[in-house]
Amino acid sequence: MSNEANEISSAPITPRPVAPKPPVASQQQPPVSCPPSQYNSPSLSRSPLLEAAVPAANHHGGEEGEGAGAIVPSKTPKGARTPLGIRTPRMSLTPRFLTPLGSPVRKALRATRLDPEDAWLPITESRNGNKYYAAFHTLCSGIGIQALVLPVAFTILGWTWGIICLTIAFIWQLYTLYLLVHLHENIETGVRYSRYMQLFSLTFGDRIANLLGLFPIMYLSGGTCVALIVIGGSTSKLFFQIVCGATCTAKPLTTVEWYLVFTCCAVMFSLLPNLNSIAGVSLIGAITAVGYCTLMWVVSITEGRLPGVSYDPIRAGTKVARVFDVLNALGIIAFAFRGHNLILEIQATMPSSEKHPSHVPMWRGVKVSYTLIAACLYPIAIGGYWAYGHLIPKDGGMLAAIYGFHSKDVSQFILGLMSLFVVVNAVSSFQIYGMPMFDHMESKYTSRKKQPLPWWLRCIGRAMFGFGCFFMAVAIPFLGSVAGLIGGIALPVTLVYPCWMWLKVKKPKKYGVSWWVNWVLGVLGMGLTGLLIAAGLYVVIDTGIKVSFFKPDHK
């Protein structure tokens, strides 16, 4: 009997003898199963509590005595008895698609389940990430074209307040980044929040999330992709002119055609299936971002200060205009720190368990990447302002200043290499900023069809998104000129919402240090958000920004 029970416990469940069917109260829906690749995920195999949830029958086989007593017979209707000594093993209450995060609370472990649709979506399709991938993604998303306009903010704030505000903003956003990394995993419930919008919605409810979070989060992804097409297409045109030279007889492409060339390159790379698969692309983007930032401040300092440079802060005529100019400068600094809307998504690509939580390698990767980000932002802001002062162009920042003032002094090879780095970084950043949009679009299909999106439909959807951004770039080419407004809109996602979510989820001691810090930062951030949006609108309306719809050549 021992051998027979052993064989039964390891074999699939066999059909029972034919018997009258009892009345069924309600027909159950067939369970949705994960693709086979999800079962082989290292994040599942590393979970130590998955084995603890398996009934004792699986460990003791059919041994008589204590091992056999652990097998709980299943309830069957009368008339369909199983012969004595042969019992159908009870199915484990813990499904195989359980969340990779192990919880110390057994009830939470059994109740917590990973949505099987996660195995079909591009952000959570692969959980093989590590601290190196996290550093690549974080560095590629955290540094880019937004750093080139930092010296413009210094022309309004001056040396002292410019450095102070940049330092405060850097420390503030690094603190909220720390909060997000540690909010990704809920130890009490065993849930992993793999998307910023998911965490925001489960914390404050769907209504508040759609009202306050949906637009800024989606705008940070879609709006950034549009801005990348504008800067990438314009720099591609400049790169062609440098390589071709003054004596080139080839007919140059128009600005719209260069936008289209850039978009085709970006769409081609966007066909990579998931977030982990673009780790190499993010590495290239991070290297090129550090490269062109370093080249720009080194060239600016090497060439020396321009004649007639002044460091006196620019003051507008009226007091109201001065206040709005200062607020717009703060918005530009806020715009320099992005990528918080991608942190949870990046962390979701890592395996996680009770013994190996994902926040440990994630925070290591973040520390390395933000050390490099600080080593790029401070030199380009301070060095650029030292070299150009109040003469730095407001539209284009460092890139326009170098080509405007040093196009004949600097080697064409250096200028061409700088332009190529900007283009490659823009293509790489397009992938990581577009990934939340791809995930959102595909989730609509998987939630309705209960199956993964076909590869051909995925290609069509991503191509439509890319060329939709191209249309917006052609229709609104002056989008890059409203950096202050974009910074104001993005400010809550970066500096405010993480503080409030920490208060809601972690519930720190009332009137304690953590409680006061997060409340003060949250309220202060929301007040700044309103002021920065108003200042950004005022600058757009009052200054000389040329609103040229469908005329990218005359932006």
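Calculation criteria
Residues numbered from 1 in each chain as written. Predicted model: local features only at pLDDT ≥ 70, side-chain atom pairs only at ≥ 80, totals over all residues. Heavy atoms only, no water. UniProt positions renumbered as here; feature names shortened; annotations may be inferred. Helix = DSSP H or I, 4+ residues; strand = E, 2+ residues; numbered from the N terminus. Contact = heavy atoms within 4.5 Å. Areas by Shrake-Rupley, 256 points an atom, 1.4 Å probe, with all protein chains shown as cover. Axes fitted to C-alpha atoms, helices over the stretch in contact; angles between N-to-C directions. Left-handed = near helix turned anticlockwise from the far one by under 90°. Nonpolar A, V, L, I, M, F, W, Y, C, P; charged D, E, K, R; others polar. Parallel < 35°, antiparallel > 145°, perpendicular 65-115°, else oblique. Salt bridge = Lys/Arg side-chain N within 4 Å of Asp/Glu carboxyl O. Buried < 20%, exposed > 50% of the residue type's maximum accessible area, 1.4 Å probe, protein only. Core = buried A, V, L, I, M, F, W, Y, C linked by side-chain atoms within 4.5 Å. Expected span 1.5 Å × (residues − 1). pLDDT = per-residue confidence, 0-100. Disulfide = S-S within 2.5 Å.

Going by the annotation in an unreviewed UniProt entry, the name recorded for the chain is Putative amino acid transporter, transmembrane domain-containing protein, with Rosa chinensis given as the source organism. If you open the UniProt record of the chain and go to Sequence similarities (unreviewed entry), you find "Belongs to the amino acid/polyamine transporter 2 family. Amino acid/auxin permease (AAAP) (TC 2.A.18.1) subfamily." We quote the UniProt Subcellular location (unreviewed entry) comment for the chain here in full: "Endomembrane system".

Chemist: Looking at this model, I keep getting lost on the overall build of the chain. Mind explaining?
Modeler: Broken down by element type, the chain carries 21 helices and two strands. Long-range pairs, those at least 24 residues apart, make up 82% of the contacts in the chain between residues at least 6 apart in sequence. Counting only carbon and sulfur atoms, one obtains 65% of the accessible surface of the chain, whose full area is about 26,700 Å².

Chemist: For this particular structure, what's the right way to read the packing of helix H13 (residues 279–303) against helix H18 (residues 412–449)?
Modeler: Helix-helix packing is characterised by the crossing angle of the two axes and by the distance between the axes. Between H13 and H18, the shortest axis-to-axis distance is 8 Å and the interhelical angle comes to 145 degrees. H13 and H18 meet at a crossing whose hand is left-handed. In this structure, H13 uses Val281, Ser282, Ile284, Gly285, Thr288, Ala289, Gly291, Tyr292, Leu295, Met296 and Val299 to contact H18, whose residues at the interface are Ile414, Leu417, Met418, Phe421, Val422, Val424, Asn425, Ser428, Gln431 and Ile432. Of the residues in the contact of H13 with H18, the class split is 14 nonpolar, seven polar and no charged.

Chemist: In this structure, what is going on with the packing of helix H10 (residues 196–204) against helix H11 (residues 206–244)? I would like to understand it.
Modeler: Between H10 and H11, whose axes approach to 8 Å, the crossing angle comes to 155 degrees. The orientation of H10 relative to H11 falls into the category roughly antiparallel. Considering only the axes of H10 and H11, their crossing is right-handed. Listed contacts from H11 to Tyr196, Met197, Phe200, Ser201 and Phe204 of H10 are Asp206, Ile208, Ala209, Asn210, Leu212, Gly213, Leu214 and Ile217.

Chemist: Whenever I open this one, the side chain of Ser428 confuses me. Can you help?
Modeler: Relative to the assigned elements, Ser428 resides in helix H18. If near-sequence neighbours (up to four positions away) are discounted, Ser428 is found in contact with Cys140, Val281, Ile284 and Gly285.

Chemist: Honestly, the pattern of salt bridges in this entry has me stumped. Any pointers?
Modeler: Within this structure, the stated rule accounts for four salt bridges. We note a salt bridge from Arg458 to Glu442, for which the minimum N-O separation is 3.0 Å. Linking Arg458 in helix H19 (residues 455–475) with Glu442 in helix H18, this pair joins segments that are 16 residues apart in sequence. Both residues of the pair, Arg458 and Glu442, belong to the buried class. Between Arg462 and Glu442 there is a salt bridge, with the nearest N and O atoms lying 3.2 Å from each other. Within this pair, whereas Arg462 is found in helix H19, its partner Glu442 is found in helix H18, the two being separated by 20 residues in sequence. Among the residues examined, Glu442 registers a relative accessible area of 5% and is labelled buried. Three or more residues are tied together by salt bridges with common partners; here these are Glu125, Glu442, Arg458 and Arg462.

Chemist: Just checking my understanding: could you explain the nonpolar core for this structure?
Modeler: Nonpolar side chains tend toward joint burial in soluble globular proteins. Within the largest apolar cluster, 118 residues are counted, with the highest numbers of intra-cluster contacts made by Tyr292, Met296 and Ile333. In this structure Met296 touches Leu148, Ile380, Met398, Leu399, Ile402, Met418 and Val422, once residues within four positions along its chain are discounted.

Chemist: It is not clear to me how H13 should be interpreted in this structure. Could you clarify?
Modeler: Given 3.6 residues per helical turn, the α-helix brings residues three or four places apart onto the same face. Taking 1.5 Å as the rise per residue, H13 with 25 residues should run 36 Å; its terminal C-alpha atoms sit 36 Å apart, in good agreement. Looking one or two residues beyond H13, the residue adopting positive phi is Gly304, at roughly 85 degrees.

Chemist: Quick question: what am I supposed to make of the confidence of the model for the chain here?
Modeler: The predicted coordinates should not be examined in detail at positions where pLDDT is low. Residue-level pLDDT values for the chain average 78, and 75% of them are 70 or greater. Overall, residues 1–16 carries pLDDT values under 50, and its contacts beyond four positions in sequence, including any with other chains, amount to 18 contacts.

Chemist: When you look at unusual backbone geometry in this model, what are you seeing that I'm missing?
Modeler: The bulk of non-glycine residues show a negative phi, and the bulk of peptide bonds are trans. Positive phi values are uncommon outside glycine, yet Lys450 reaches one of about 55 degrees. You can see Lys450 is positioned in the loop between H18 and H19. Among the residues examined, Lys450 registers a relative accessible area of 45% and is labelled partly exposed.

Chemist: Explanation requested: the state of the cysteines in the structure shown.
Modeler: Working definition of a disulfide: a covalent bond connecting the sulfur atoms of two cysteines. Inspection of the entire model under this criterion finds zero disulfides. The thiol of Cys469 is unpaired, and the distance to the nearest cysteine sulfur, on Cys225, comes to 5.0 Å.

Chemist: For this particular structure, what's the right way to read the environment of Ile414?
Modeler: Inspection of the secondary structure assignment puts Ile414 in helix H18. Each C-alpha atom, one on Ile414 and one on Met296, is 9.7 Å from the other, the two residues being 118 residues apart in sequence.

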